[in-house]
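Okay, here's what each chain looks like letter by letter:
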Amino acid sequence: KGGLKPATAINVRHILCEKQSKALEALEKIQEGQRFDKAAQEYSEDKAKAGGSLGWMSRGSMVGAFQDAAFALTPSTVDKPILSPLVKTNFGYHIIMVEGRR
């Protein structure tokens, strides 16, 4: 397996929490089997209320650490998400998953 093909855009979802403790709680819920979109509705403090969806984002339109983590992820589904570790940006702590690449 040669890893991921380079992509110029990703269909991304995230959960954003100001406090690390809250982000860790959300991460735990997902690891216990909660769907990513449900956890996003419950925990995310972002405007992306639609299950954390940010839609298609192109390379260069996201903050550095978020972009690096997001582009490194293998696409997955909300019921079996492949998650990033917590990513700290100036917005807070993000948990990221990617639904598609192009």
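This text follows the structure it describes.
Here the structure is a predicted model, which is why all the values come from computation and not from measurement. (Residues numbered from 1 in each chain as written. Predicted model: local features only at pLDDT ≥ 70, side-chain atom pairs only at ≥ 80, totals over all residues. Heavy atoms only, no water.)

## Focus: the side chain of serine 84
Logical step 1: For serine 84, the position within the fold is in the loop between helix H3 (64-72) and strand S3 (87-89).
Logical step 2: Its relative accessible area of 3% is what places serine 84 among the buried residues.
Logical step 3: Here the side chain of serine 84 touches isoleucine 96 through a polar contact of 2.9 Å, landing on its backbone nitrogen. (Helix = DSSP H or I, 4+ residues; strand = E, 2+ residues; numbered from the N terminus. Buried < 20%, exposed > 50% of the residue type's maximum accessible area, 1.4 Å probe, protein only. Polar contact = N/O pair within 3.5 Å; in protein donor to acceptor, adjacent residues only side chain to side chain.)

## A few points about the packing of aromatic side chains
Logical step 1: Across all of its chains, the model carries zero aromatic pairs by this definition.
Logical step 2: Over the ring of phenylalanine 71 we find arginine 59, and its NZ or CZ is 3.9 Å from the ring centre.
Logical step 3: The ring of tyrosine 93 has lysine 88 lying over it, and the distance from NZ or CZ to the ring centre is 5.1 Å. (Phe/Tyr/Trp six-rings, centres within 6.5 Å; stacked < 30°, edge-to-face > 60°. Lys NZ or Arg CZ within 6 Å of the ring centre and 35° of its normal.)

## Concerning a negative patch on the surface
Logical step 1: Negative charge collects at one region of the surface, where Glu25, Glu28, Glu32 and Glu42 lie side by side.
Logical step 2: Residue placement: glutamate 32 occurs in the loop between helix H1 (20-31) and helix H2 (36-43).
Logical step 3: For glutamate 32, a relative accessible area of 57% translates into the label exposed. (Patch = residues over 30% accessible without salt bridge, like charges linked within 9 Å, V, L, I, M, F, W, Y side chains within 5 Å. Areas by Shrake-Rupley, 256 points an atom, 1.4 Å probe, with all protein chains shown as cover. Salt bridge = Lys/Arg side-chain N within 4 Å of Asp/Glu carboxyl O. Lys, Arg positive; Asp, Glu negative; His and termini not counted. Charge placed at Lys NZ, Arg CZ, Asp CG, Glu CD.)

## A closer look at the sheet that holds strand S4 (residues 92-101)
Logical step 1: Spatial strand order, S2-S1-S4-S3: four strands in an open sheet with antiparallel pairing. Whereas interior strands pair on both sides, the edge strands pair on one side only; in this sheet they are strand S2 (53-58) and S3. If you compare each strand with its neighbour and ignore which way they point, the axes differ by 45 degrees on average.
Logical step 2: In terms of strand pairing, strand S1 (residues 9-17) meets S2 through five bridges, oriented antiparallel. Following the sheet pairing, alanine 9 is matched in S2 by serine 58.
Logical step 3: Where H1 meets the sheet, it contacts S1 and S4, and its direction lies at approximately 40 degrees from that of S4.
Logical step 4: Sheet strands touched by H2: S1 and S4. Its angle to S1, the strand with the most contacts, is close to 45 degrees. (Pairing = 2+ DSSP bridges. Axes fitted to C-alpha atoms, helices over the stretch in contact; angles between N-to-C directions. Contact = heavy atoms within 4.5 Å.)

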